[in-house]
Amino acid sequence: MPLVSIEANNIPVRSEGFQEDAVAYQEMLSCLESFDETDRTILAMLGAGHSYTEIQEVVSDISMANLRVKANRARIQLANCIGRKL
Amino acid sequence: MNEETQIQIIELMDDGATLESSPELKGLVEASEEATKFYESLLVSESMLEGFFGGEKAKELDQKIDAFIDQQLEKPSNVSSITFKPFIGFAVAASLAVIAFTFVNSPAEILEPVAPVQIAYEEPAPVVVEEIIEEPEPMFVAGSDMETLWSTASQIANELGVDRYQVMYALYEANKDFFVNNNINAPRADRNYFVDLAIIESVDPIFASREVKNHIFCSC
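Residues numbered from 1 in each chain as written. Chains lettered and ligands numbered in written order. Predicted model: local features only at pLDDT ≥ 70, side-chain atom pairs only at ≥ 80, totals over all residues. Heavy atoms only, no water.

**Q** Help me out: how do you make sense of the pattern of salt bridges in this one?
**A** A side chain with one charge can pair with a side chain of the opposite charge if their charged atoms come near. Inspection of every chain in the model, using the stated rule, returns 8 salt bridges over all chains. For E46(B), the salt bridge is made with R75(A), and the minimal N-O distance between the two is 3.0 Å. Residue E46(B) is located in helix α3 (residues 33-53), and its partner R75(A) is located in helix α5 (residues 64-85); the two belong to separate chains. Given the relative accessible area of 17%, E46(B) is considered buried. The salt bridge involving D190(B) is made with R188(B); its shortest N-O contact spans 2.8 Å. Under the relative-accessibility criterion, R188(B) is labelled buried at 7%. Taken together, the shared-partner salt bridges in this structure form one network comprising R75(A), D14(B) and E46(B). (Salt bridge = Lys/Arg side-chain N within 4 Å of Asp/Glu carboxyl O. Helix = DSSP H or I, 4+ residues; strand = E, 2+ residues; numbered from the N terminus. Buried < 20%, exposed > 50% of the residue type's maximum accessible area, 1.4 Å probe, protein only.)

**Q** What's the story with the interface of chain B and chain A in this structure? I'm lost.
**A** Interface extent is often summarised as the accessible area lost during association of the parts. With 31 residues of chain B in contact, the opposing surface of chain A contributes 30 residues. Both faces considered, chain B and chain A share a buried interface measuring about 2,900 Å² in area, 65% of it formed by carbon and sulfur atoms. The largest share of the area that chain B buries against chain A comes from M48(B), L49(B) and F217(B), three residues that together contribute 20% of it. K213(B) is the partner of E37(A) in a salt bridge, and the nearest nitrogen-oxygen pair spans 3.7 Å. At the boundary of chain B with chain A, the tally comes to 6 residue pairs in polar contact (both at pLDDT 80 or more). (Contact = heavy atoms within 4.5 Å. Buried area = accessible area lost by both parts, 1.4 Å probe. Polar contact = N/O pair within 3.5 Å; in protein donor to acceptor, adjacent residues only side chain to side chain.)

Shown next, in the form of structure tokens:
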């Protein structure tokens, strides 16, 4: 039976940094678990590239100024949490 | 370091400032070891948020799944099957109308002998008309017409007088295949979204709100 080498197939043996990324994301998610629902939604939507206007539509009954304050506080909280863990 | 300084750093970063380009940011960050550590943590957390919820890897994966769905799992649109209903109804109604007009316009000498038959022809007509009237009009929203899914859901909610989360929940539940990788944050523009009024009317607003927020958070 003819064999094909891994090099010939050009199969990547491993993806560098994948495990490190996975651990880091896990730490971030464990931080986010301690946040309230609104803060989690704000951060997830910011990460996904949504605008503040779109986030305001989702997080109803909130002014733009208040939303920005909440978002900034959530970002500070997340940065501090990750800073402690990593 | 107080919160005011932290917010100043964030706002400068949002404006595109870097340590190289902004002396103000550099001054704030290098003012203390605590500020430097916060700045570094912030860079990491922002990068991780983007990487996890909307980074290049996530987009690349979405595109691959999108292509895979197009190639392998292309389903016939719900629109085409449902839009036959009006045509069938119209065809039935038109056939009965032709029969009725033919009968009404017939000469009197023909009408008189077949008078009992006239009753037999007239009976089914109202039944068919009732069926056409009772047929609920399916409601669709074209993805290409939507600015954002949320603004569309808000508009529909206002028109129906319901909570926007009820509409958003119904849009997602009835059209999961139209979201890339079932990700509520990635609705496809090339699909027609079915607005399931039954779901909207039956789902509890609090439940819908919780579910939609969970979907947004987990991108699923």
